[in-house]
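Summary of the model geometry
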Amino acid sequence: MRSDHLTALAHARDTAVPATAVAHPNIALVKYWGKRDEHLVLPRVDSLSMTLDILPTTTRVCRDPAAGRDRVTLNGRPAAGEALRRVVAFLDLVRERTGLAHRAVVDSENTVATGAGLASSASGFAALAVAAAAAYGLDLDATALTRLARRGSGSAARSIFGGFVVWHAGPDAGTVAEADLGSHAEPVPVGDLDPALVIAVVDGGPKAVSSRVAMRRTVDTSPLYEPWAVSSKEDLTGMRAALLAGDIAAVGEIAERNALGMHATMLAARPAVRYLAPATLTVLDRVLRLRDDGIPAYATMDAGPNVKVLCRRADADLVAGAVRAAVPGGSVLIATPGPGARLLAGGGR
Ligand code: 2P0
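Throughout what follows, the structure given in this document is the object of discussion. Per-chain numbering applies: the sequence of each chain, read as written, is numbered from 1 onward. Per-residue local features are limited, in this predicted model, to residues with pLDDT of at least 70; the limit for side-chain atom pairs, both in listing and counting, is 80 or more; totals at the level of whole chains, interfaces and linings are taken over all residues. Side-chain metrics in this entry use all non-hydrogen atoms of the structure; hydrogen atoms and water are not considered.

Helix numbers and strand numbers start at the N terminus; a helix is a DSSP run of H or I with at least 4 residues, a strand a run of E with at least 2. Helix and strand content of the protein: 11 helices and 16 strands. The atom set for the radius of gyration is the C-alpha atoms, and the globule formula is 2.2 Å times the number of residues raised to the power 0.38. In terms of overall size, the protein behaves like a compact globule, its C-alpha atoms giving a radius of gyration of 20 Å where 349 residues would be expected to give roughly 20 Å. C-alpha atoms of the protein, sized along the principal axes, occupy 65 × 40 × 40 Å. Per-residue burial for the protein yields a buried fraction of 54% across its 349 residues. The contact rule is simple, with two residues in contact once any of their heavy atoms fall within 4.5 Å. Here the analysis covers contacts within the protein between residues at least 6 apart in sequence; of these, 77% occur between residues at least 24 apart. Residue burial considers only the protein chains on display, and all accessible areas are found by Shrake-Rupley using a 1.4 Å probe. Looking at the protein as shown, the accessible area adds up to about 14500 Å², and 55% of this sits on carbon and sulfur atoms. In this tally, Asp and Glu contribute negative charge and Lys and Arg positive charge; neither His nor the terminal groups of the chain are included. Charge placement uses NZ in Lys and CZ in Arg. For Asp and Glu, CG and CD serve respectively. Within the protein, the 35 negative side-chain charges are centred at a point lying 5 Å from the centre of the 38 positive side-chain charges. Note on exposure labels: buried denotes an accessible area under 20% of the residue type's maximum, exposed denotes more than 50%, and partly exposed covers the range between, all computed with a 1.4 Å probe on protein chains only.

Laid out in structure tokens, this is it:
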């Protein structure tokens, strides 16, 4: 039995079977903003998100024993610059762990604009983690996959799981291995909640400042960063309780204040990082009026001007209509909780 298994593994390592994985983006209701270790991608704070059922990324990885370098295609175009560097660095990590030096051919298709604050790096690195682990014969459980995905992009750790997911910052003290082990994601129990996220895409273009650069500047220079990080701990505790109680108003209130606080830390950075645009504020005003009308709707924004409005699934069409009318030039999408990352095919296992 065991020798059969080893033969199969050796076969997989020699024969370069392609692996294809799919992952969905996630939107944080308690945000990740700031790292304490850039190399290991260890965050300063715990974060909690909802994985979406729309805008998946599909990624195929195939080892190429004859190739001298990795070839990476993103949405049909050869990747270059920082995007290529990050994928190659991620594959290097997988190669280091498996002892397999083979280069790879990577093809990744996003259904969402890359780098527009719509969590494309979360779905992208979650799909890459699952596909690359399979293609290189790295046998990891879901928790270990969250640690691996984290190394590509912090928020990708959360996209390994579906539904609501917490990503633990992990212990501050201890060895590097202990810190790495402690910083993983896991699903969060949720009560009777039937939520939707109405996504107002007010600008689908790439952001001027990457979230990686923006969070580094915020941690280094913003006098508001530490107070936000402290209040974020309370937000996480409150969010867990609100999710368990199925209390959409409490979930929304905490999510909105946490996001506005995160943007406040950036506005106070030197120089300021401002992702919020006039159209963002127009949507925020509309969300307030929906609440005045008795509709529980709450806004959250990431590293970009687009607004995600949390509401009951039953109210999603009404909220989407209101938001669409508020920003006629934008587009509106409706998401509900979606699945975790999964292998579609291959990997030789
Ligand atoms: C989040 N964001 O929790 C936060 C809120 C944006 C604002 O995670 O540097 O692309 O690759 O670890 O994961 C975006 O940051 O950053 C992000 P890196 P990532 O969703």
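This paragraph deals with the pairing of strand β12 (residues 195–201). Both faces of the sheet carry side chains from a regular strand, because those side chains alternate between them. Of all the 7 residues making up β12, 7 are buried; the element is thus mostly covered by neighbouring parts of the structure. Of the two faces of β12, the one holding Pro 195, Leu 197, Ile 199 and Val 201 and the one holding Ala 196, Val 198 and Ala 200 are both buried throughout.

So, about the site of the ligand. What surrounds the ligand is a group of 18 residues, the closest being Tyr 32, Lys 35, Ser 153, Ser 155 and Arg 212. Within the side chain of Tyr 32, a nitrogen or oxygen atom sits 2.6 Å from an oxygen atom of the ligand. Counting of polar contacts relies on pairs of N or O atoms within 3.5 Å, with two restrictions inside protein: one atom must be capable of donating a hydrogen and the other of accepting it, and residues adjacent in sequence are counted only when both atoms are side-chain atoms. One nitrogen or oxygen atom from the side chain of Arg 86 is found 3.0 Å from an oxygen atom belonging to the ligand. Taken by itself the ligand offers 460 Å² of open surface, and the protein chains cover 94% of this. A per-element tally of the shell around the ligand places helix α7 (residues 211–221) first, with 3 residues. Amino acid classes used here: Ala, Val, Leu, Ile, Met, Phe, Trp, Tyr, Cys and Pro are nonpolar; Asp, Glu, Lys and Arg are charged; the rest, including Gly, are polar. Within the shell around the ligand, the residues separate by chemical class into 7 nonpolar, 5 polar and 6 charged. Nearness is defined per residue: one heavy atom within 4 Å of the molecule or strand is enough.

The next point concerns the side chain of Thr 265. For Thr 265, the location among the structural elements is in helix α9 (residues 248–267). Taking relative accessible area as the criterion, Thr 265 reaches 1% and is therefore assigned buried. At 2.5 Å, the side chain of Thr 265 and the backbone oxygen of Met 262 are in polar contact. Residues contacting Thr 265, with those up to four places away along its chain left out, are Trp 33, Thr 218, Ser 222, Leu 224, Tyr 225 and Trp 228.

Moving on to the sheet that holds strand β15 (residues 331–335). Two strands are said to pair when DSSP picks up at least two bridges between them. The strand order β13-β14-β12-β15 describes an open sheet built from 4 strands, whose pairing is antiparallel. Unpaired on one side and paired on the other, β13 (297–301) and β15 mark the two borders of the sheet. Pairwise comparison of adjacent strand axes, ignoring direction, gives a mean angle of 25 degrees for this sheet. Its contacts with the sheet place α9 against β12, β13 and β14 (307–312), and it is angled at close to 30 degrees to β13. All axes here are fitted lines through C-alpha atoms, helices being fitted over the stretch that makes contact, and every angle between N-to-C directions spans 0 to 180 degrees. Packed on one face of the sheet, helix α11 (residues 316–326) meets β12, β13, β14 and β15 and runs near 160 degrees to β15.

Moving on to the sheet that holds strand β10 (residues 164–167). Across the sheet, 4 strands lie side by side as β2-β5-β10-β11; this open sheet has antiparallel pairing. In this open sheet, the two edge strands, each paired with only one partner strand, are β2 (26–30) and β11 (185–187). Put simply, the sheet's adjacent strands are angled 30 degrees from each other on average, direction ignored. The sheet contact formed by strand β5 (residues 47–51) and β10 spans 4 bridges and is antiparallel. Among the inter-strand pairings, Ser 47 is bridged to a residue of β10, identified as Trp 167.

By themselves, these observations are geometric and do not establish any function.
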